[in-house]
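Tertiary structure, described
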Amino acid sequence: ISHIEAPVTLGFRNTGFLNKVEYHWRGVDGALMYEVEKCMDQDTINETWERLKLTSKTSLVVDRTQNTQGIKYRVRALGTREEGPYSQVTAPAAN
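Because the structure is predicted, anything quoted here is derived from the model rather than measured. (Residues numbered from 1 in each chain as written. Predicted model: local features only at pLDDT ≥ 70, side-chain atom pairs only at ≥ 80, totals over all residues. Heavy atoms only, no water.)

So, unusual backbone geometry
Which entries qualify depends on this criterion: Counting from the N terminus, the helices are the DSSP runs of H or I reaching at least four residues and the strands are the DSSP runs of E reaching at least two.
The backbone of N19 sits at a positive phi, close to 60 degrees, despite the residue not being glycine. By the secondary structure assignment, N19 is in the loop between β1 (9-14) and β2 (20-25).

Right, here's the structure in full:
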């Protein structure tokens, strides 16, 4: 694989657990891992993203509590020698 694509985010779905949703995306050819990041900044110019998790799966369960409204997520594929671009930024719906 000479080029790793950005994951296509599929959004969020309920898990059946209170205040937990599953963030999921389509797998990317050549990806060994996925880096999931979150951002809590409301300022879109000076956003600060932090790594939430490295995973080999195409989904991650995240908290959706009242005080986390406004948190955004993005994901990118990591290959053997290459990092793909980030997915589109997405956020879970409010409770």
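Some thoughts on the nonpolar core
A general feature of soluble globular proteins is that nonpolar side chains tend to end up buried together. Quick reminder of the rule: Grouping buried Ala, Val, Leu, Ile, Met, Phe, Trp, Tyr and Cys residues that are joined through side-chain atoms within 4.5 Å yields what is termed a nonpolar core. Type-normalised accessible area, obtained with a 1.4 Å probe on protein chains alone, sets the label of each residue: buried when under 20%, exposed when over 50%, and partly exposed for intermediate values.
Counting 13 residues, the largest nonpolar core has Y23, W25, Y34, V36 and V75 as its most contacted members. Of all the secondary structure elements, the ones that give two or more residues to this core are β2, β3 (33-39), β5 (59-63) and β6 (72-78).

Digging into the sheet that holds β5
Two pairing modes exist for strands in a sheet, parallel and antiparallel, and in both the strands are linked by backbone hydrogen bonds. Selection criterion: Strands were regarded as paired on the criterion that DSSP finds at least two bridges between them. Only the stretch in contact is used when fitting a helix axis, every axis being a line fitted to C-alpha atoms; angles between N-to-C directions are given from 0 to 180 degrees.
Taken in spatial order, the 3 strands of this open sheet run β1-β2-β5, and their pairing is antiparallel. Pairing within the sheet leaves two strands with one partner each, and these edge strands are β1 and β5. This sheet shows a mean twist of 25 degrees between the axes of neighbouring strands, independent of strand direction. Bridge count for β1 against β2 is 5 bridges, and the pairing is antiparallel. Across the sheet, residue F12 finds its bridge partner in β2, namely Y23.

Structural notes on the environment of D29
When you line up the elements, D29 lands in the loop between β2 and β3. The spatial distance from the C-alpha of D29 to the C-alpha of G79 is 9.0 Å, given a sequence separation of 50 residues.

Overview of the side chain of E22
Selection rule: We call two N or O atoms a polar contact when they sit within 3.5 Å, provided that within protein one can donate a hydrogen and the other can accept it, with sequence-adjacent residues counted only if both atoms are side-chain atoms. Contacts between residues were defined by any pair of non-hydrogen atoms, one from each residue, lying within 4.5 Å.
Within the secondary structure, E22 is located in strand β2. Looking at E22, its side chain comes within polar contact range of the side chain of S59, at 2.9 Å. Beyond its immediate chain neighbours, meaning those up to four positions away, E22 contacts G11, F12, R13, T15, S59, L60 and V61.

Topic: the pattern of salt bridges
Definition in use: By definition here, a salt bridge exists when the distance from a side-chain nitrogen of Lys or Arg to a carboxyl oxygen of Asp or Glu is within 4 Å.
For the structure on display, the rule yields 7 salt bridges. Notably, a salt bridge pairs E35 with R51, separated by 3.0 Å at the nearest N-O pair. With a gap of 16 residues between them, E35 in strand β3 and R51 in strand β4 (residues 49-55) connect regions that are remote in the sequence. Here E83 makes a salt bridge to R76, at a shortest N to O gap of 3.2 Å. The class of E83 is exposed, set by a relative accessible area of 52%. For R76, a relative accessible area of 15% gives the class buried. The network of salt bridges with shared partners includes E35, R51, R76 and E83.

A word on a nonpolar patch on the surface
Quick note on the threshold: Two joining distances apply to patches: 9 Å for like charges and 5 Å for nonpolar side chains (Val, Leu, Ile, Met, Phe, Trp, Tyr), and every residue must have over 30% relative accessible area and no salt bridge. Only the protein chains shown count as cover for residues, and all accessible areas are computed by the Shrake-Rupley method using a 1.4 Å probe.
Taken together, the side chains of L32, M33 and L54 define a hydrophobic patch exposed on the protein surface, amounting to about 240 Å² of accessible area. The residue L54 is located in strand β4 in this model.

On their own, these measurements won't tell you what the molecule is for.
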